[in-house]
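Remarks on the overall topology
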Amino acid sequence: MGESLVLNLLLWLPVVGTVLLLVIRGNASLARVITLGVMMLQLIMAVWLYARFDAGVTGLQFATSLPWIPQWGVSYLIGLDGFNILLVALTAFLGPLVVLGAHRSIEKDVTLFHAMVLLLQFAMMGAFVAQDLFLFYLFWEAMLIPMFLIIGIWGGSRRIYATVKFFLYTAFGSILMLAALIYLVQSLAQTGGITSFAFADLYRARLPLPAQTILLGAFALSFAIKVPMVPLHTWLPDAHVEAPTAGSVILAGVLLKMGTYGFMKLGFPLFPDAARLFTPALMTLAVISIVYGACLALVQTDIKKIIAYSSISHLGYVMLGLLSLELVGIQGAIIQMVSHGLVAAGLFLLVGMIYERCHTRELSDYGGLARLLPVFSVFFMIFTLASVGLPTTSGFTGEFLALLGAFTAAWPLHVAGQSYPLILSIVAVLGVILGALYMLRFALTFLFGAVNAPHQPLSDLSLRERGILGALVIVIFALGLFPDSVMAKTENAARAYRGLVTTSRLPEQLNSGPELVP
Amino acid sequence: MISMPHALAAIVLLPLVGFLVNGVFATALGGRRFSNRLASIIGCGIPIAAFALTVNALLTLQAGNYTPLIEPLYRWATIGDSTFEIAFYFDRLSAIMTLVVTGVGSVIHLYSTGYMHDDKSYGRFFAYLNLFLFFMLLLVLGRSMLVLFVGWEGVGLASYLLIGFWFDDLANAGAGKKAFVTNRIGDAGFLLGMFLLYRACGTLDMDTINAAFMGSAGSVPVVSASLVGLLLFIGATGKSAQIPLFVWLPDAMAGPTPVSALIHAATMVTAGVYLVVRMSGVYMHAPDASQVMAITGVATAFFAATIALVQTDIKKVLAYSTVSQLGFMFLALGVGAYGVAIFHVVTHAFFKACLFLGAGSVIHALGGEQDIRKMGGLRTRIPITFWTFVIATAAIAGIPGLAGFFSKDEILWYAFASSRGGSPWLWGVAALTALMTAFYMFRLLWLTFLGPSRMEPAVEKHVHESPFSMTGVLLLLAVLSAVGGYFSIPHFLESQVPLPSIVVEREHYERTLLIVSVVLAFAGLALAAVMFGGPAARPERVRQAVLPLRRLLSAKYHVDELYDRLLARPLVWVSEHVLLRVGDRVVLDGILHGVASLATRAAGLFGRVQTGSLHLYSLFVMAGIVGALVWSWRHG
Amino acid sequence: MDRVQFLLGLSIALFSLGLLGLVIRRNALVMLMCMELMLNGVNLSLVTFSQRHADAGGAVLVFLVFIVATAEIALAIPIVLLLVKHTRSMDIGRYTDLKG
């Protein structure tokens, strides 16, 4: 019981922090200290939970279940399992870095800004730990508001356009999801005899294929917008470009993982038959995302857009791994999620740091930074290479396993005469080349050649900045070199996911149809 | 002999320690005298220590009657039934490769202390070199393809960093990027091959895979060996600069000369050869892939040699010569003579390192001049460099008694007579290439060291012999180039990778071919002597006679331009004009903006009603009430 | 015509008169009075039905309407007064500050 209290504390601490901030209404530095304190506490608790998390147990750990709206079957049900443990850890890990990294770029309404960051942290954490669809949906929607405000208030010059676009896309997806989840619970109540929003109960819902298809369509649209998958991605570059550094870091680091997490935890397991029906289509979209994102990253002139499009490409690998339904691929997808969170966060932090110094995001305004800012360049190179997926970094672990999974799943189909998945996975492997191409083009113009940067002389990274990036680098290498202990924690979840998606859950009477014929 | 529990791991990890220490010092204390000395001590001490450990490991191997040493380090990942183990594997093949890497590596590190002496990024240079050694040793010592791949990509990274070492010039950094991306293309093929093998064998341990392919008919994996072989060969073409991916290697000469010697001549570029030999179990069952390999190899050898004929940059000549020699190695691999290929790898490492370092010494002496048209007459000015260069040139040209003669002659022999795809025409092209090799190498020698001086006076005044740290290394490598052929590596490896049998009816040609190849080597020498030893008008006449051909060769067959037009530019064009402008901006954002403006317009229409006039509103209320009354009266 | 019908007719007449006044007149105070008229029309019908069905509910509702009407007037009159002070006019058409 005591242990589940820690998870609750972890979840609600940011709310306490927000209230404190709004009540005290102190000066900016006090707000920063409070926020940082909350984030650090959260991180400590997350580390503790991670360490205590028993990899051998299937199902929820540190669970809390309280009835909330019993007549609707809604309960306050939270807990950790292999699906979310890494993402919770990631969210908690990035929290302090965001607060520290946003140190200088925010000037107006500092208290409000930190309150928003805390609320966002709360909502994201909630969406990850929620084990009840109603609760999940609440958190899912709640995430939008602080993010909307962070971009809209502290963003760049075209922030209004970006926020509206961001909001329209995500809200559009959410509304469809709401309709779908009401239908889902309704039909569970009719056929299964229980009214419940708990994931565990919903995993038992049996639905005919047409219903599954429509519902998965609604869920998938909502999640695919969040991932984002081509062609639903155009909100992302705009949102990233306009968001302040902290916003970009959270957006790339955690928020995008919501989409893939949603697919893994809800979309596919809830509607397994439709999921398998959709697999070729979604796989195609995933591969298109990989290639399309990479191609567009190649021709961007805004450094934030390069990273934004690279995110689209990297999350394509996650989808590919999830869709492979091979343990290797699923594990790769989970690692790739975390890895992308770390790498993209690092790159956005670096871009934020250089932006604070030079006040431009135009790639052609830079050159030869390796001469001017050696430490910055070392870090930039490391993150670039991790993004490229060089072995020994986390990017390699994720991409390699995801691709291996996709290939392993596609080969038998090819042997059986169905070559389409194999072609897709080969194209995805070729995407690795494009990844090197756009990131190295970025590094080439940015770091090398004749020295060129506005507002010289520039000061190299401060100790604070080195600390932030150093922490990320350590985790990136740890995931690249020693992923075993991490993957052990998610192994059960990967198995559970595969089990859920590969077992048919059409209604029984339909299943036994042919047997009725004498 | 001492047997340590983690001897192999120590060989690999020592350079990593060197990299970290030097890297931290280079960034923290960059350029100070103290850190330079420390960088030299760590930078050179570590490869030497690794070399000593390798010798020790070899002795252990010998004592154990050449049973491969397997040393697991840790488990990288366990997923379901599949485990990915990080383990090192030490057998005759890895022993030779490790000795070459650490041995040649050590001397090149020593050479660098002299060559890079005045560079402001001295510590960084040694950090990168150590990083390279780390990944290269990982590559040759890994048991699993995964470890090999880590090393494979890692040496690519080190090569990228070192080619762009003087990154102030964007062209250098650009060459590094080109190398990395070209290698990545090959790596994609490697990855696919690896996936296929994993799918077929359920493991990535190379000894297990080989055993599975070599095993009895029942246990041979259900996958086409030729497909795997071709995919892995694509990887090898990237790393070992074969057609069609050779374009990066000549550009890679932008890096410091020791780097060219170590990475782009002696060790990294031979990784592809090592890979094929290591996977020989697969290739023995892949005649198609082997044939492709032989043809690609001989074609690369030929075309690179023709380009080398007209190059005027001392390092570019050597670069194309490297590509050409690598082609020879792949020819050997293609006809199944794996041991011979490794033999050539070793001798090539000696003489090509000697040549590159000699070239480095020349460049050092001339203060950075690389154009051989502006050299000449250096023989007496830098005698040690000259004599070592002569020996290495003779070795690569195939003058009998020197290292290159033995290995090249064996390659030619197997190309002719191997029962695994050897054929007279392969031999014919290779022999012609050998002739060209002798010619362009002696041309290089002549233009650089002999004849009258063509140096600029300012340069000529400062010509000086290099310090002992450089000349000592040159002498050592020259000795190795001379005697390196007397240790028969194919024989040493025979128990592990047997040589192919000889087609019976071609057996009696052996002596004839030997004589022909000796004649060819001397013919090349004579030709060069006639052309460049006499008056300057003579080469000019020849040049005029074959002008169009010469132009084509000078332009390197326009391959770079071709790739640029066919691949690079279309990719960027499509991304920019189709995907970004049309796809993202017009179609996707267009749809969004269309919907948004539709909503705005509709809202505007309905907004007209909202006049703000209370009377109008109450009129609506009245109309509503009347309407409701009428409706209820009708339906009541 | 019995009493109930007469009273209902009266209530409709009051309501319609009020509504018509609301639509036609432009004076804010008169419009408020018209609204009172409409409320009273409704009240009358409520009382009538309450009587007819012998149910006190309708009568209770009337008191509710009274209270609401009082509250409304108590708020509306000061607002109108302020508006008059602000624009020097009773004309409802002049009060356009909130128009988008």
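Each value, and the rule that gives it
Residues numbered from 1 in each chain as written. Chains lettered and ligands numbered in written order. Predicted model: local features only at pLDDT ≥ 70, side-chain atom pairs only at ≥ 80, totals over all residues. Helix = DSSP H or I, 4+ residues; strand = E, 2+ residues; numbered from the N terminus. Rg over C-alpha atoms; globule rule 2.2 N^0.38 Å. Buried ≥ 20, exposed ≤ 12 C-beta atoms within 10 Å, placed from the backbone. Contact = placed C-beta atoms within 7 Å. Core = buried A, V, L, I, M, F, W, Y, C linked by C-beta atoms within 7 Å. Nonpolar A, V, L, I, M, F, W, Y, C, P; charged D, E, K, R; others polar. Pairing = 2+ DSSP bridges. Arc of directions from axis to C-beta. Expected span 1.5 Å × (residues − 1). Axes fitted to C-alpha atoms, helices over the stretch in contact; angles between N-to-C directions. Parallel < 35°, antiparallel > 145°, perpendicular 65-115°, else oblique. Left-handed = near helix turned anticlockwise from the far one by under 90°. pLDDT = per-residue confidence, 0-100.

Here the focus is the overall build of chain C. Tallying secondary structure elements over chain C gives 3 helices and 0 strands in all. Secondary structure elements of chain C occur, N-terminal to C-terminal, as α-α-α. Against the globule reference of 13 Å for 100 residues, chain C gives a C-alpha radius of gyration of 17 Å, more extended than a compact globule. When the 100 residues of chain C are sorted by exposure, 9% land in the buried category. Of the contacts formed within chain C by residues at least 6 apart in sequence, a portion of 49% connects residues at least 24 apart.

Quick look at the nonpolar core now. If you look at the biggest cluster of nonpolar residues, it comprises 436 residues, and the most contacted ones within it are Phe132(B), Leu331(B), Ala332(B), Ala341(B), Ile342(B) and Ala353(B). With 19 residues, helix H13 (residues 327-358) of chain A is the single largest residue contributor to this core. Beyond its immediate stretch of four places on either side in the chain, Phe132(B) contacts Val155(B), Ala158(B), Leu162(B) and Ile263(B). Listed in part, the 5 residues of the second largest apolar core include Leu19(C), Leu22(C), Met31(C) and Cys34(C).

It is worth spelling out the interface of chain B and chain A at this point. Between chain B and chain A, the contact holds 39 residues from the first and 40 residues from the second. Those elements giving two or more residues to the side of chain B that touches chain A turn out to be strand S1 (69-79), helix H5 (145-163), helix H6 (170-201) and helix H25 (559-607) of chain B. Classifying every residue of the side of chain B that touches chain A gives 22 nonpolar, 8 polar and 9 charged.

A few words now on unusual backbone geometry. Residues Val230(A) and Pro231(A) are joined by a peptide bond in cis, for which omega reads 10°. A cis amide bond links Ile243(B) with the next residue in sequence, Pro244(B), at an omega value of 5°. Within the secondary structure, Pro244(B) sits in the loop between helix H8 (225-239) and helix H9 (248-251). One non-glycine residue, Leu325(A), adopts positive backbone phi at about 60°. Here Leu325(A) lies in the loop between helix H12 (303-324) and H13. The class for Leu325(A) is partly exposed, based on 19 C-beta atoms found within 10 Å. In this structure, Tyr66(B) takes a positive phi of about 60° despite not being glycine. Residue position: Tyr66(B) is located in the loop between helix H2 (33-63) and S1. Residue Tyr66(B) is classed as partly exposed on the basis of its C-beta count, with 15 C-beta atoms lying within 10 Å.

Here we take up the pairing of strand S1 (residues 61-69) of chain A. Pairing geometry for S1(A) and strand S2 (residues 74-80) of chain A, over 6 bridges, is antiparallel. Bridging across to S2(A), Ile69(A) finds its partner in Val74(A).

Across the contact, 7 residues belong to chain C and 7 residues belong to chain B. Tallied by class, the residues present in the side of chain C that touches chain B amount to 4 nonpolar, 2 polar and 1 charged.

Residues and elements named next belong to chain B. Of the residues making up helix H7 (residues 206-214), those classed as buried are Met206, Ile209, Asn210 and Phe213. For H7, the buried positions fall inside an angular range of 100° around the axis, keeping them on one side. Where H7 is buried, its residues meet H5, H6, H8, helix H11 (271-278) and helix H12 (280-283).

So, about the arrangement of the chains. No other pair of the 2 pairs of chains in contact has as many contacts as chains A and B. These two, chain A and chain C, are apart from each other, with no contact and a minimum C-alpha gap of 21 Å.

On to the environment of Ala173(B), then. Its place among the elements puts Ala173(B) in helix H6. On the basis of neighbour count, Ala173(B) is assigned to the buried category, with 27 C-beta atoms found within 10 Å. Put simply, Ala173(B) and Val479(B) are 306 residues apart on the chain and 35 Å apart in space, counted from C-alpha to C-alpha. With residues up to four places along the chain from it excluded, the contact list for Ala173(B) reads Leu444(A), Phe448(A), Gly449(A), Gly164(B) and Phe167(B).

With that settled, the discussion passes to helix H15 (residues 374-388) of chain A. Since there are 3.6 residues in each turn of an α-helix, residues three or four apart along the chain are aligned in direction. Residues and elements named next belong to chain A. End to end, H15 covers 21 Å across 15 residues, agreeing with the expected 21 Å (1.5 Å per residue, within 8%). All of the buried residues along H15 are Phe376, Ser377, Val378, Phe379, Phe380, Ile382, Phe383, Thr384, Leu385, Ala386, Ser387 and Val388. Gly389, located one to two residues past H15, shows a positive phi value of around 90°.

Before going further, it helps to spend a moment on the packing of helix H15 (residues 338-365) of chain B against helix H20 (residues 468-483) of chain B. All names here are of chain B. Put simply, H15 and H20 touch, their axes get as near as 8 Å, and they point 150° apart. With respect to their mutual orientation, H15 and H20 come out roughly antiparallel. At the point where H15 passes H20, the crossing takes the left-handed sense. Residues Phe350, Phe351, Ala353, Cys354, Leu357, Gly358 and Ser361 of H15 pack against Met470, Val473, Leu474, Leu477, Ala478, Leu480 and Ser481 of H20. Its residues assigned to classes, the contact of H15 with H20 shows 11 nonpolar, 3 polar and no charged.

Further remarks concern the packing of H13(A) against helix H19 (residues 484-502) of chain A. Residue and element names in this part refer to chain A. Interhelical geometry of H13 versus H19 gives an angle of 125° and a closest axis separation of 9 Å. By the angle between their directions, the pair H13 and H19 is classed as oblique. The hand of the H13/H19 crossing is right-handed. Here Leu327, Ile330, Gln331, Ile334 and Ile335 of H13 lie close against H19, whose contacting residues are Met487, Thr490, Ala494, Arg495, Tyr497 and Arg498. Residues of the contact of H13 with H19, tallied by class, amount to 7 nonpolar, 2 polar and 2 charged.

Low-pLDDT stretches of the model should not have their predicted coordinates read in fine detail. On average, residues of chain C score 87 in pLDDT, and 95% of them are at 70 or above. Interface confidence for the predicted complex, expressed as ipTM, amounts to 0.92; the pTM equals 0.89.

Our next topic: the environment of Ser339(A). By the element assignment, Ser339(A) lies in helix H13. Excluding its chain neighbours within four sequence positions, the residues that come into contact with Ser339(A) are Ser394(A), Gly395(A), Thr397(A), Gly398(A) and Leu479(A).

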